[in-house]
Amino acid sequence: MGLEGRKGTMPVLTALRQVTGALHRRLEHRFDAVAELSDASRRPATIGRYAALYSSARAALAEMLASVEGLDFLQRSRVWQSLRPPSITAETSSVFPEPADRCEALGSLYVVEGSTLGGRLILRELRARGVADPELSFLDPYGAASGSMWRSLLAVLEREGSRGPTCLESMCRGAIRGFVHAERILCGEPR
Ligand code: HEM
């Protein structure tokens with residue numbers, strides 16, 4: 001998406017990327033989504049892990065985020081609900097960390113929504129390999145609207161995170177906790 005060039009005008013995004021960059025790289029390294037989802041025998045369990053991530057996020061974040069102006073939280077979380085409910089395993093029953101405040105919740109939402117950016121690429125790669133399971137559409141939930149959904153989230157993050165260092169710190173904490181939770185659900189406990 002080439003956000004590098006806009007970093008100077010997006011201090012909140014810059015901070016979020018700084019504190020979570022290594023966690024994203026570790027997750028990508030541990031979670032070979034294309035391999036997991038192209039194998040028909042492993043696909044249902046992997047979709048179940050994503051479903052657990054999204055349903056636990058909705059449960060933990062809805063109360064604090066439903067009324068945030070410009071966020072359309074309900075629209076976002078409705079999309080996550082289209083996944084079939086997860087089967088319960090040790091990882092998928094992991095509870096999304098309860099945010100202490102709205103800023104922390106927004107930091108966690110950055111992670112959950114960010115997963116759709118990678119998801120688009122994963123879906124494209126799966127299609128290129130001839131995998132055409134309609135259940136995989138959750139990987140690109142917004143389709144043609146994905147750019148505008150991401151930009152509107154970033155606008156809210158910049159607005160709220162610029163209110164002061166306390167909010168920005170909370171947001172960074174929420175993003176870190178979101179990544180740790182996502183890794184636990186998608187990959188199991190860190191080795
Ligand atoms: C394992 C497979 C994954 C791959 C290959 C991947 C890849 C990517 C790529 C290429 C981007 C940049 C997209 C762009 O700028 O257009 C991105 C962004 C992002 N991804 Fe992932 N991702 C993966 C999984 C995840 C997961 C599971 C999460 C969270 C649960 C996540 C969170 C994020 C976030 C927060 C961003 C936004 C980073 C920013 O601030 O620009 N990703 N991912």
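Residues numbered from 1 in each chain as written. Predicted model: local features only at pLDDT ≥ 70, side-chain atom pairs only at ≥ 80, totals over all residues. Heavy atoms only, no water.

The sole protein-derived ligand of the iron atom of the ligand is His 24 (NE2), positioned 2.1 Å away. You can see His 24 is positioned in helix H1 (residues 11–30). (Donors = N, O, S within 2.8 Å, 3.2 Å for Na, K, Ca; no water. Helix = DSSP H or I, 4+ residues; strand = E, 2+ residues; numbered from the N terminus.)

Bringing the nonpolar core into the picture now. One finds Tyr 50, Leu 61, Leu 65, Leu 71, Leu 136, Leu 139 and Leu 157 to be the most contacted residues of the largest nonpolar core, which totals 57 residues. At the level of elements, H1, helix H2 (33–38), helix H3 (43–65), helix H4 (73–80), helix H5 (102–128), helix H6 (146–161) and helix H7 (165–187) are the ones that each hand at least two residues to this core. Ignoring anything within four residues of it in the chain, the contact list for Leu 139 reads Leu 37, Tyr 50, Thr 116, Gly 119, Arg 120, Ile 122, Leu 123 and Leu 126. (Core = buried A, V, L, I, M, F, W, Y, C linked by side-chain atoms within 4.5 Å. Buried < 20%, exposed > 50% of the residue type's maximum accessible area, 1.4 Å probe, protein only. Contact = heavy atoms within 4.5 Å.)

Under the definition given, this model contains 13 salt bridges. Salt-bridge contacts for Arg 42 lead to Asp 39; the nearest nitrogen and oxygen are separated by 3.1 Å. Taking the relative accessible area as the measure of exposure, Arg 42 reaches 36% and is therefore partly exposed. According to the relative accessible area criterion, Asp 39 is partly exposed, its value standing at 25%. We note a salt bridge from Arg 43 to Asp 133, for which the minimum N-O separation is 3.0 Å. Residue Arg 43 is located in helix H3, and its partner Asp 133 is located in the loop between H5 and H6; the two are separated by 90 residues in the primary sequence. (Salt bridge = Lys/Arg side-chain N within 4 Å of Asp/Glu carboxyl O.)

The subject of this paragraph is the packing of H3 against H7. Working note: a packed helix pair is described by the angle between its axes plus the distance between those axes. Where H3 contacts H7, the axes come no closer than 8 Å and their chain directions differ by 150 degrees. Taken as axis vectors, H3 and H7 run roughly antiparallel relative to one another. At the point where H3 passes H7, the crossing takes the right-handed sense. Here H3 contributes Arg 49, Tyr 50, Ala 52, Leu 53 and Ser 56 to the contact with H7, which in turn contributes His 181, Ala 182, Ile 185, Leu 186 and Cys 187. Here the residues of the contact of H3 with H7 sort into 7 nonpolar, 2 polar and 1 charged. (Axes fitted to C-alpha atoms, helices over the stretch in contact; angles between N-to-C directions. Parallel < 35°, antiparallel > 145°, perpendicular 65-115°, else oblique. Left-handed = near helix turned anticlockwise from the far one by under 90°. Nonpolar A, V, L, I, M, F, W, Y, C, P; charged D, E, K, R; others polar.)

Next up on the list: the side chain of Ser 108. Along the chain, Ser 108 falls in helix H5. The class for Ser 108 is buried, based on a relative accessible area of 2%. In this structure the side chain of Ser 108 is engaged in a polar contact, spanning 2.8 Å, whose partner is the backbone oxygen of Gly 174. Contacts of Ser 108, omitting those with residues within four sequence positions, involve Leu 61, Phe 96, Gly 174, Ala 175 and Gly 178. (Polar contact = N/O pair within 3.5 Å; in protein donor to acceptor, adjacent residues only side chain to side chain.)

Here we take up the site of the ligand. Taken together, 20 residues are adjacent to the ligand, and Arg 17, His 24, Tyr 110, Gly 114 and Leu 121 come closest. Arg 17 is positioned such that a nitrogen or oxygen atom in its side chain is 3.2 Å from an oxygen atom of the ligand. Gly 114 places a main-chain nitrogen or oxygen 3.2 Å from a nitrogen atom of the ligand. Counting only elements with at least two residues in the shell around the ligand, the list comes to H1, H5 and H7. By residue number, the principal contributor to the shell around the ligand is H5, which donates 8 residues. Of the residues assigned to the shell around the ligand, the class counts are 14 nonpolar, 4 polar and 2 charged. (Near = heavy atom within 4 Å.)

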